[in-house]
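Listed here are the chains, written in short residue letters.
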Amino acid sequence: MKRIYFDYAATTPLDSSVLRAMNPYFKEKFGNDGSLHSFGQAALAGIDAAREKIATALGLDILTGFREIIFTGSATEANNLALRATAREFRIRNPKSEIPRLIISAIEHESILETARDLEKKGIELVILPVDKKGHVDLKYLKNNLTENTALVSIMIANNEIGTIQPIKEISLIIKDFRGSKKFPLFHSDAVQAFQYLDCSPEKLDVDLLTLSAHKICGPKGVGALYVRSGIFPKSLPIIFGGGQEFGWRSGTENPALIVGFRKAIEMAAAIREKEKIRVAGLRNMFWRELKKIYPAAVLNNDFSSKGNSFLPNVLNVYFPDYSAEELVIKFDLAGMAVSAGSACSARAAKDSHVLAALGWPANRIKSSLRFSFGRLTTSQEIKEGAKIMKGILKS
Ligand code: PLP
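The paragraphs below set out a description of the structure included in this document. (Residues numbered from 1 in each chain as written. Predicted model: local features only at pLDDT ≥ 70, side-chain atom pairs only at ≥ 80, totals over all residues. Heavy atoms only, no water.)

## What about the sheet that holds strand E6 (residues 186-190)?
Logical step 1: Read across the open sheet, the 7 strands follow the order E2-E8-E7-E6-E5-E3-E4; overall the sheet is mixed. Each edge of the open sheet is held by one strand with a lone partner, namely strand E2 (69-72) and strand E4 (125-129). Neighbouring strand axes in the sheet, compared pairwise and without regard to direction, differ in orientation by 20° on average.
Logical step 2: As paired strands, strand E7 (residues 209-213) and strand E8 (residues 224-228) are joined by 5 bridges and run antiparallel to one another. (Pairing = 2+ DSSP bridges. Helix = DSSP H or I, 4+ residues; strand = E, 2+ residues; numbered from the N terminus. Axes fitted to C-alpha atoms, helices over the stretch in contact; angles between N-to-C directions.)

Next comes the structure, spelled out in structure tokens:
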């Protein structure tokens, strides 16, 4: 049976040219990039070039950009690092101040939410911004909650379950306006889902910290990056200690193959972004039209067609009133179509989606909602085959 993959928001297939770029670093160029001999230098050259090209793809300054990219083992780690380092820096700078405040949105990825909750247990004040029915953060609530003790605001560019795109530039202006000439609050944004379809240049968005992941953009799993604006931290504030790799930010021997693959994936995604955005949105629209024909009771949880809202082009989140999401995931999979009930993380923990809950949907709707996410290898033929599968399973 030919299988169809409609779960690109969970992870993406590795691009063949990314694999080709990585291959030499598994075998011939196996050296430790910290070694002075030629084996080490070959690995270091690959990492250095990747760091430089990723900085360029993000539109960073040619002189400072190189040191602003910190490679990590995942976006989860980059998000942990961003939140924990800022909390520490705030405490170092303000030893006598009130407890630091951290502001996040209610629909952040678990790697932000759970890190924030852990920091709250350690004495940080946590403020969670509500969102509207489409997932847009309440900017008034943000304004009203910016205080002298706010260390960090962390709001993702685009959501992984419903695809809502936040007005990051507007948010950074609010923060900048409040901050004036002071150092805090800093602004962090998770660009993991956005990078494939949106320009995520930290300079243009005016963010201080930005998280990226390779495996959501047809790169390898096990590598992420944190952009850290130069000058915001006078010294590195790692969460993993040891040999001082990554300018002291993240100890542990780097994996050149993954980092070189990450570079290739970033360059490819940036090069085809505008075309892909249009192509994938067309496929999403086609899938939704087919689904509505087959099962008219289907309701969008992310109404991408409504005016004044912006969503990623590749995510459809749909409520199926007569079914449980779990039942449909299994039936669709047995018939050859892979989709998901919310994020891969909530599926693993068998938890209801906190994102749909934040939109105000009741538990029965959440338990009957599925996420379809499309991407680089999705074709209109696959959309048609997917429709055929749904026709065989859903009652009209
Ligand atoms: N942030 C967002 C928005 C995500 O969608 C994900 C993955 O699902 C992550 C962070 C975590 O990425 P990683 O798997 O690289 O840890």
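## Remarks on the pairing of E2
Logical step 1: Burial along E2 is two-sided: the face carrying Ile69 and Phe71 and the face carrying Ile70 and Thr72 are both buried.
Logical step 2: Bridging between E2 and E8 involves 4 bridges; their strand directions are antiparallel. By the bridge assignment, Thr72 is partnered in E8 with Gly224. (Buried < 20%, exposed > 50% of the residue type's maximum accessible area, 1.4 Å probe, protein only.)

## Details of the packing of helix H4 (residues 75-93) against helix H5 (residues 110-121)
Packed helix pairs are specified by the crossing angle of their axes together with the interaxial distance, meaning the distance between the axes.
Logical step 1: Orientation of H4 relative to H5, taken along the N-to-C sense of each, is 35°, at an axis distance of 9 Å. At the point where H4 passes H5, the crossing takes the right-handed sense. Where H4 approaches H5, its residues Thr76, Asn79, Asn80, Leu83, Arg84 and Ala87 are matched on the opposing element by Ser111, Ile112, Thr115, Ala116, Asp118 and Leu119. (Left-handed = near helix turned anticlockwise from the far one by under 90°. Contact = heavy atoms within 4.5 Å.)

## Some points on helix H10 (residues 325-334)
Logical step 1: Inspection of H10 places Ala325, Leu328 and Phe332 among the buried residues, and these make up the whole buried set. Around the axis of H10, the buried residues are gathered within 60° of arc, so they sit on the same side. More than 90 degrees from the buried face of H10, the exposed residues found are Glu326 and Leu334.
Logical step 2: Of the surrounding elements, those touching the buried residues of H10 are strand E11 (337-338), strand E12 (369-373) and helix H14 (380-393).
Logical step 3: Immediately beyond the C-terminal end of H10, within one or two residues, lies Gly336, with a positive phi of roughly 110°. (Arc of directions from axis to C-beta.)

## A look at the nonpolar core
Logical step 1: Judged by nonpolar contacts, the single largest core of 91 residues is most densely connected at Phe262, Leu291, Phe320, Phe332, Phe372 and Leu394.
Logical step 2: Per-element tally for this core: the top contributor is helix H9 (residues 256-294), with 15 residues.
Logical step 3: Leaving out residues up to four positions away in the same chain, Phe332 has contacts with Met337, Val339, Leu370, Phe372, Ile389, Met390, Ile393 and Leu394.
Logical step 4: If you look at the next biggest cluster of nonpolar residues, it comprises 27 residues, including Ala116, Leu119, Leu152 and Trp249. (Core = buried A, V, L, I, M, F, W, Y, C linked by side-chain atoms within 4.5 Å.)

## Concerning the pattern of salt bridges
Logical step 1: As enumerated under the stated definition, the model contains 25 salt bridges in all.
Logical step 2: Arg84 serves as the salt-bridge partner of Asp118, at 2.9 Å between the closest nitrogen and oxygen. In this pair, Asp118 is assigned in helix H5 and Arg84 in helix H4, connecting sequence segments 34 residues apart. The pair Asp118 / Arg84 is uniform in exposure class, with both members buried.
Logical step 3: Linking Lys169 and Asp206 is a salt bridge whose minimum nitrogen-to-oxygen distance equals 3.9 Å. Of this pair, Lys169 sits in helix H7 (residues 168-179) while Asp206 sits in the loop between helix H8 (202-205) and E7; the two residues are 37 residues apart in sequence, bridging distant segments of the chain. (Salt bridge = Lys/Arg side-chain N within 4 Å of Asp/Glu carboxyl O.)

## Some words on the state of the cysteines
Here a disulfide denotes a covalent bond joining the sulfur atom of one cysteine to the sulfur atom of another.
Logical step 1: Applying the stated criterion across every chain, the model contains 0 disulfides.
Logical step 2: The thiol of Cys200 is not disulfide-bonded; the next cysteine sulfur, from Cys218, is found 15 Å away.
Logical step 3: Here Cys200 falls in the buried class, since its relative accessible area comes to 1%. (Disulfide = S-S within 2.5 Å.)

Function cannot be inferred from these measures alone, as they are strictly geometric.
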